[in-house]
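Chain and residue survey
Residue-level listing of the chains:
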Amino acid sequence: MAAMKAAREAGALLSYDPNVREPLWPSAEACREGIKSIWNSADIIKLLLVTDGEKGCRYFTKNFRGAVGGFSVNTVDTTGAGDAFVGSVLCSAAKDSSILEDESRLREALKMANACGAICTTRKGAIPALPDNAAAQKLISDSH
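The residue numbering used here restarts from 1 in each chain and proceeds along that chain's sequence as written. Given that this is a predicted model, residues contribute local features only at a pLDDT of at least 70 and side-chain atom pairs are listed and counted only at 80 or more, while totals for whole chains, interfaces and linings are drawn from all residues. By convention in this description, side-chain values take in all heavy atoms of the structure and omit both hydrogens and water.

1. Some details on the side chain of Asn-114
- Each helix is a run of H or I in the DSSP string that is no shorter than four residues. Each strand is a run of E no shorter than two, and both are numbered from the N terminus. Checked against the element boundaries, Asn-114 lands in helix H4 (residues 103-120).
- Its relative accessible area of 8% is what places Asn-114 among the buried residues.
- Polar contact criterion, stated in full: a pair of N or O atoms within 3.5 Å, where within protein one must be able to donate a hydrogen and the other to accept it, and residues adjacent in sequence count only if both atoms are side-chain atoms. Only 3.3 Å separates the side chain of Asn-114 from the backbone oxygen of Val-68, close enough to count as a polar contact.
- A polar atom in the side chain of Asn-114 sits 3.0 Å from the backbone oxygen of Gly-69. Each residue is placed in one exposure class: buried if its accessible area under a 1.4 Å probe, protein chains only, is under 20% of its type's maximum, exposed if it is over 50%, and partly exposed if it falls in between.

Put into structure tokens, the structure is as follows:
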């Protein structure tokens, strides 16, 4: 919490990517309350960007909601796909924080994130499979 406060005071964009691991909590309610305790401090909450594999993702913001289609690829290993997705969203937000307020820009960022997540599944291992920007752009252009 101290790190989040310092980051906020320094003007940083705060992202929260909770992983629900109920066995690590005393109860489902404790898990829910623990995760929700940080929501008000975050600018981006991964739970409000719901990923669904090749179907793409759904997004829920204070001002709009919708879905962005995904990409069908030859999946080998899904390890790291969520991290690739979130990393891409954060990269886009760091470059242009207006994506959080501009739905068309958000949709473009989510299309890129979907491509990054999809590409990550085409190779074994989370780190070796992470795509670069050119690979994601190629998947997007090849899909049209």
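2. Things to note about the sheet that holds strand E5 (residues 65-68)
- Strands sit in the order E3-E4-E5 across an open sheet of three strands; the sheet is antiparallel. What marks the edges here is a single partner per strand, and that holds for strand E3 (49-51) and E5. Averaged over all pairs of adjacent strands, the angle between their axes in this sheet comes to 15°, without regard to strand direction.
- Strands are treated as partners if at least two bridges between them are detected by DSSP. Relative to strand E4 (residues 57-60), E3 runs antiparallel, the two sharing three bridges. Axis geometry follows a simple rule: fit a line to the C-alpha atoms, using only the stretch in contact for helices, then measure angles between N-to-C directions, giving values from 0 to 180 degrees.

3. Some remarks on the packing of aromatic side chains
- Centres within 6.5 Å are what make two rings of Phe, Tyr or Trp a pair, Trp counting through its six-membered ring; a difference in plane orientation under 30 degrees is then read as stacked, over 60 as edge-to-face, and the rest as tilted. Counting across every chain of the model gives one aromatic pair.
- Aromatic side chains Tyr-59 and Phe-64 sit 6.3 Å apart centroid to centroid with 75° between the ring planes, which places their arrangement in the edge-to-face category. For the pair Tyr-59 and Phe-64, one class covers both residues: buried.

4. Some thoughts on helix H3 (residues 81-95)
- By this rule, a helix spans an expected 1.5 Å times one less than how many residues it contains. Along its 15 residues, H3 runs 21 Å from first to last C-alpha, staying within 8% of the 21 Å computed at 1.5 Å per residue.
- Residues Ala-81, Ala-84, Phe-85, Val-86, Ser-88, Val-89, Ser-92 and Ala-93 constitute the buried set of H3.

5. Description of the packing of H3 against H4
- Where H3 meets H4, the closest approach of the two axes is 7 Å, and the angle between their N-to-C directions is 150°. On the basis of the axis angle, H3 is roughly antiparallel to H4. The handedness of the crossing between H3 and H4 comes out as right-handed. Each of Ala-81, Ala-84, Phe-85, Ser-88, Val-89 and Ser-92 in H3 lies in contact with H4, whose residues at this interface are Ala-109, Leu-110, Met-112, Ala-113, Asn-114, Cys-116, Gly-117 and Cys-120. Here is the rule for angles: anything less than 35 degrees is roughly parallel, anything more than 145 is roughly antiparallel, 65 through 115 is roughly perpendicular, and the remaining ranges are oblique. What makes a crossing left-handed is the near helix being turned counterclockwise from the far one by less than a right angle; a clockwise turn instead makes it right-handed. Any two residues whose heavy atoms approach within 4.5 Å are treated as being in contact.

Treat this as a map of the structure, not an account of what it does.
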